[in-house]
Amino acid sequence: MLVDLSLLPSPDWLLALPQLVVLALAIVLLFADAFTPRHTHSRVLTALSLLGYGLAAASLWFVDGKNQATFWWLFRADGLSVFLSLVILVAAALTVASAASYIDRLEGRMPIGEFYVLLAFSTLGALFVASAGDLVMIFIGIELSSLATYVLTAFAKRRTSAVEGAMKYFLLGIFASAILVYGMAWIYGATGTTNLDGIAASLQTSVQGTGFLEPSLLFALLLLVVGLGFKMAAVPFHFWTPDAYDGAATPVTAFMSVVPKAAAFAATIRILVQAMGPMREEWLNLIAALALLTMAFGNVVAISQRNVKRMLAYSSIAHTGYMMVGLAAYRTESGFGGSAGAGDQAVASLLFYLFAYAIMNIGAFAVVAWLQHRGRGLTLDDFSGLGATQPLAAAAMTVFMIALMGIPPTIGFYAKYRVILAAIESGPVGLFLAIAIVVLSAVSAFYYLRLVAVMYFNEPIREPRQTSTPLLNAGIGAMAVATIAGGLVFAPQIFDLAERWYRALSVVAQVGGGA
Amino acid sequence: MGELGTNHFLFLSAALFIIGMMGVLVRRNILIIFLCVELMMTAVNVALVAFARETQTLYGQVFAIFTIGVAAAEAAVGFAIIMALSRRVATVDVDEFNTLRD
């Protein structure tokens, strides 16, 4: 069992460049927080954060197309990791744009330096999950991302509801982590390795060899699905979602509805598709049932919400359901390393949906934050008459609502279209799920359009407070434009990028030769 | 009395895990719930090390060390949040936390 360490190949640090840039950003932010003079403090830290995420996204260009594993198979740079990293970094940068003035001015001026540092560490954890090649790496990444997010949720600590939401999120989060890691332990026991490709190879032989799966593997699968379901906020593991989303400061809600969810989906794709792909017959129907429950529950409960943040929380549960349909449609015939087929389309549709969801959901929360700057609350009534008093904000919110509903010409429509297409191609269960998506989208139109109607047809309650939020305005504008332009022009290109995920399964060579 | 085999450790691990899980679901005191989750993490460590012995590989032992580290980090963050909450609400009963409602 002893290994001569000098024989191991040295790691290729360049492949981890995006992660290293974000790590450097977090450390630089820690120092800048202490040593920047007070009057430029907020602006310098915001600029540093945006620069850091921009550099990290640019460095993805070096990694793209490499398709290699390094750090002794712990770390992979493949199509899946590049696309997910892009989604996570875009979401982080958009969060910074919508958080800067909120953290600095509202809720009794929270310490912005600590906020950005925690944001960077949470982003770093999600990036590690996206590039993980091993169960240990997935677990560490998810925990890094979650722990930073628990603190961010409690960040508005002068408000009891924020700390209370954080407490519920924390208790259910660590409970889910314990279940998840117990599932990982059983997978390791059944296959003798924690490496994702090693698990896939071991399962492949046992499925082909005997056609009989050990009960311990099914037990492990169940634990993993429950643990990941908690992290993804799938019904019936969603209890924490509305309270944590409602309690957290609005930009934090925007962040935690996208980045930890992206990390959870990254882990799900890595574990279920990449490692446990050979036993997909066992998990496909389980995921399909959870997807149906999740989207039905999310959409139906969202109808009765008067608080816009809670409504968006339930809507995000519904969107988790749509994305899980993309996963349930993974019924590839060719198996691993085969040519691109229907199964590849399915996971690509999930990835594209995640990208679209990141933009439109952060956009919707950013408009809520924009209104909070102007002295309004979070209920539906606070939005009344917005179309008359603040036409641009109302227009932006309308764009995001239409995109979340899935109506052309927005990016949300294209994303939903791709998921439905993949589901129909996958067989009778998929067809049923596709019909469910269409019906439930019609249900969701009720609460999304109700908000639009309140903004345009109700009388304004009072004149909003005058204040200037240039970065937030620019961010909302960029997201609204991206939502429309993404649907009209760029959707096919982005989808092609997402489609390259299947290279994730064809990584064979370890960098540095040998082994 | 036979020799201690992998199954014995797995039964121990499963027992710890189930005790922890029941504690989380039944008890209403935040600190007890937190300790029960720690018990579940311990069950995971026992299972990992037992599997490492069974499969004659080192992955499980390495994984267990990381799990212990993560559990420590969870404790640090958890107690910070419990402290922040106890300054607002003078109770450790989770049923008393009902500011957030549908």
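Calculation notes
- Within each chain, residue numbers correspond to sequence positions counted from 1 in written order.
- Following the order in which they are written, the chains are lettered starting with A and the ligands numbered starting with 1.
- Reporting of local features is limited, given that this is a predicted model, to residues whose pLDDT is at least 70; pairs of side-chain atoms are given and counted only at 80 or more, and all residues count toward the totals for whole chains, interfaces and linings.
- Hydrogens and water are ignored here; the side-chain numbers use all heavy atoms of the structure.
- When the centres of two rings from Phe, Tyr and Trp lie within 6.5 Å, Trp using its six-membered ring, the rings pair. Their planes under 30 degrees apart give stacked, over 60 give edge-to-face, and anything left gives tilted.
- Relative accessibility thresholds used throughout: buried, under 20% of the residue-type maximum; exposed, over 50%; partly exposed, between the two (1.4 Å probe, protein chains only).
- Should the NZ of a Lys or the CZ of an Arg lie within 6 Å of a ring centre and within 35 degrees of the ring normal, that charge is described as sitting over the ring.
- Computed over the protein atoms alone on a 1 Å grid, cavities are sets of points where a 1.4 Å probe fits but cannot get out and pockets are open sets with protein on both sides within 12 Å along at least five of seven lines; a residue lines them when it has an atom within 4 Å of a point.
- Grid points are joined across faces, edges and corners, and a volume is the space filled by probe spheres set on the points.
- Going along the chain from the N terminus, every DSSP run of H or I of four or more residues is numbered as a helix, and every run of E of two or more is numbered as a strand.
- Ten residues, namely Ala, Val, Leu, Ile, Met, Phe, Trp, Tyr, Cys and Pro, are considered nonpolar, four, namely Asp, Glu, Lys and Arg, are considered charged, and the remaining ones, Gly among them, are considered polar.
- By nonpolar core we mean a set of buried residues, namely Ala, Val, Leu, Ile, Met, Phe, Trp, Tyr and Cys, connected to one another through side-chain atoms within 4.5 Å.
- Here a residue-residue contact requires only that any non-hydrogen atoms of the pair lie within 4.5 Å.
- To get an axis, a line is fitted to the C-alpha atoms, and for a helix only the part in contact is used. The angle between two axes follows their N-to-C directions and goes from 0 to 180 degrees.
- For classification, angles of less than 35 degrees are called roughly parallel, those exceeding 145 degrees roughly antiparallel, those between 65 and 115 degrees roughly perpendicular, and all remaining angles oblique.
- Crossing handedness is defined as follows: a turn of the near helix away from the far one that is anticlockwise and smaller than a right angle gives a left-handed crossing, while the clockwise case is right-handed.
- Expected span of a helix, by definition, is 1.5 Å for each gap between consecutive residues, and there is one gap fewer than residues.
- Comment: arc refers to directions from the helix axis out to C-beta atoms.
- Throughout this description, the term salt bridge denotes a Lys or Arg side-chain nitrogen within 4 Å of a carboxyl oxygen of Asp or Glu.
- Polar contacts, as used here, are pairs of N or O atoms within 3.5 Å; protein pairs need one atom able to donate a hydrogen and one able to accept it. Residues neighboring in sequence count only if both atoms are side-chain atoms.
- The predictor attaches a confidence to each residue, and that confidence, scored 0 to 100, is pLDDT.

**Digging into the packing of aromatic side chains**
Scanning the model with the defined rule gives 30 aromatic pairs over all chains in all. Relative to Trp72(A), the ring of Phe71(A) lies with its centre 6.3 Å away and its plane at 80 degrees, an arrangement referred to as edge-to-face. On the basis of relative accessible area, Trp72(A) is assigned to the partly exposed category, the value being 35%. These aromatic residues form a ring-pair network of at least three members: Tyr150(A), Tyr169(A), Phe170(A), Trp240(A), Tyr245(A), Phe34(B) and Phe79(B). The ring of Trp370(A) has Arg374(A) sitting right over it, with the charged end atom 3.8 Å from the ring centre. A cation sits over an aromatic face here: Arg418(A) above Phe495(A), 3.8 Å from the ring centre.

**A few points about empty space enclosed by the protein**
All names here are of chain A. Inspection of every chain in the model, using the stated rule, returns 5 cavities of 30 Å³ or more. Contributing to the lining of the largest cavity are 14 residues, with Ser146, Tyr169, Phe230, Lys231 and Pro260 lying nearest its centre. Sorting the residues of the lining of the largest cavity by element identifies helix 5 (135-153), helix 6 (160-191), helix 8 (215-232) and helix 11 (259-275) as the ones contributing at least two each. Looking at the lining of the largest cavity, its residues break down into 10 nonpolar, 3 polar and 1 charged.

**What to know about the nonpolar core**
Residue and element names in this part refer to chain A. One finds Met276, Trp283, Phe383 and Met401 to be the most contacted residues of the largest nonpolar core, which totals 233 residues. With 23 residues, the top contributor of residues to this core is helix 14 (residues 342-373). Residues contacting Met401, with those up to four places away along its chain left out, are Met311, Leu312, Ala364, Tyr448, Leu451 and Val452.

**Observations concerning the packing of helix 6 of chain A against helix 8 of chain A**
Residues and elements named next belong to chain A. The interhelical angle for the contact between helix 6 and helix 8, taken along N-to-C directions, is 155 degrees, at an axis separation of 8 Å. Between helix 6 and helix 8, the angle falls in the class roughly antiparallel. Between helix 6 and helix 8 the crossing geometry is left-handed. Of the residues belonging to the contact of helix 6 with helix 8, the class tally is 18 nonpolar, 5 polar and 1 charged.

**Focus: helix 1 (residues 6-26) of chain B**
End to end, helix 1 of chain B covers 30 Å across 21 residues, agreeing with the expected 30 Å (1.5 Å per residue, within 8%). Within the sequence span of helix 1 of chain B, burial applies to Thr6(B), Leu10(B), Ser13(B), Leu16(B), Phe17(B), Gly20(B), Gly23(B) and Val24(B). Projection of helix 1 of chain B onto a plane perpendicular to its axis shows the buried side chains occupying an angular sector of 155 degrees, all on one side. Residues of helix 1 of chain B that are exposed and point more than 90 degrees away from the buried face comprise Asn7(B), Phe11(B), Ile18(B), Ile19(B), Leu25(B) and Val26(B). Among the structural elements, helix 6 of chain A together with helix 2 (30-55) of chain B are those in contact with the buried residues of helix 1 of chain B.

**Comments concerning unusual backbone geometry**
Omega for the bond connecting Val235(A) with Pro236(A) falls within 30 degrees of zero, at 5 degrees, which places this linkage in the cis form. Secondary-structure assignment places Pro236(A) in the loop between helix 8 and helix 9 (240-247). Note the cis peptide between Pro408(A) and Pro409(A), where omega equals 10 degrees. Residue placement: Pro409(A) occurs in the loop between helix 16 (391-405) and helix 17 (411-425). In this structure, Trp72(A) takes a positive phi of about 55 degrees despite not being glycine. Tracing the backbone shows Trp72(A) in the loop between strand 1 (68-70) and strand 2 (75-77). Positive phi, close to 55 degrees, is recorded for Gln56(B), a residue that is not glycine. Residue position: Gln56(B) is located in the loop between helix 2 and helix 3 (59-88).

**Quick word on the side chain of Asn307(A)**
Residue placement: Asn307(A) occurs in the loop between helix 12 (280-303) and helix 13 (308-328). In contact with Asn307(A), not counting residues within four places along its chain, are Asp246(A), Leu378(A) and Thr379(A).

**Considering the interface of chain B and chain A**
Listed by partner, the interface residues are 46 residues for chain B and 43 residues for chain A. Scanning the region where chain B abuts chain A turns up 0 salt bridges. For the interface between chain B and chain A, the tally reads 6 residue pairs in polar contact (both at pLDDT 80 or more). For the side of chain B that touches chain A, the elements supplying multiple residues, two or more each, are helix 1, helix 2 and helix 3 of chain B. Here the side of chain B that touches chain A takes 15 residues from helix 3 of chain B, the largest share from any one element. Its residues assigned to classes, the side of chain B that touches chain A shows 33 nonpolar, 9 polar and 4 charged.

**Things to note about the environment of Leu421(A)**
Residues and elements named next belong to chain A. With respect to the element layout, Leu421 can be found in helix 17. The exposure class of Leu421 is partly exposed, given its relative accessible area of 30%. Between the C-alpha atom of Leu421 and that of Gly326, which follows or precedes it by 95 residues, the distance is 9.4 Å.

**Here we look at the confidence of the model for chain A**
Summing up the model confidence of chain A, the mean pLDDT is 89 and the portion of residues at 70 or higher is 93%. Here residues 334-342 of chain A is a poorly scored stretch, pLDDT under 50, and it has 13 contacts once near neighbours within four places are set aside; other chains count.

**Quick word on the pattern of salt bridges**
Residue and element names in this part refer to chain A. Applying the stated criterion across every chain, the model contains 12 salt bridges over all chains. A salt bridge links Asp197 to Arg76, with the nearest nitrogen and oxygen atoms 2.8 Å apart. Residue Asp197 is found in helix 7 (residues 196-210), and its partner Arg76 is found in strand 2; the two are separated by 121 residues along the sequence. Judged by relative accessible area, Asp197 falls into the partly exposed class, the value being 26%. Given the relative accessible area of 2%, Arg76 is considered buried. A salt bridge links Arg310 to Asp243, with the nearest nitrogen and oxygen atoms 3.1 Å apart. With a gap of 67 residues between them, Arg310 in helix 13 and Asp243 in helix 9 connect regions that are remote in the sequence. Comparing Arg310 with Asp243, the two get one shared label, buried. Salt bridges here are not isolated pairs; linked through shared partners, they connect Glu164, Lys168, Asp243, Asp246 and Arg310.

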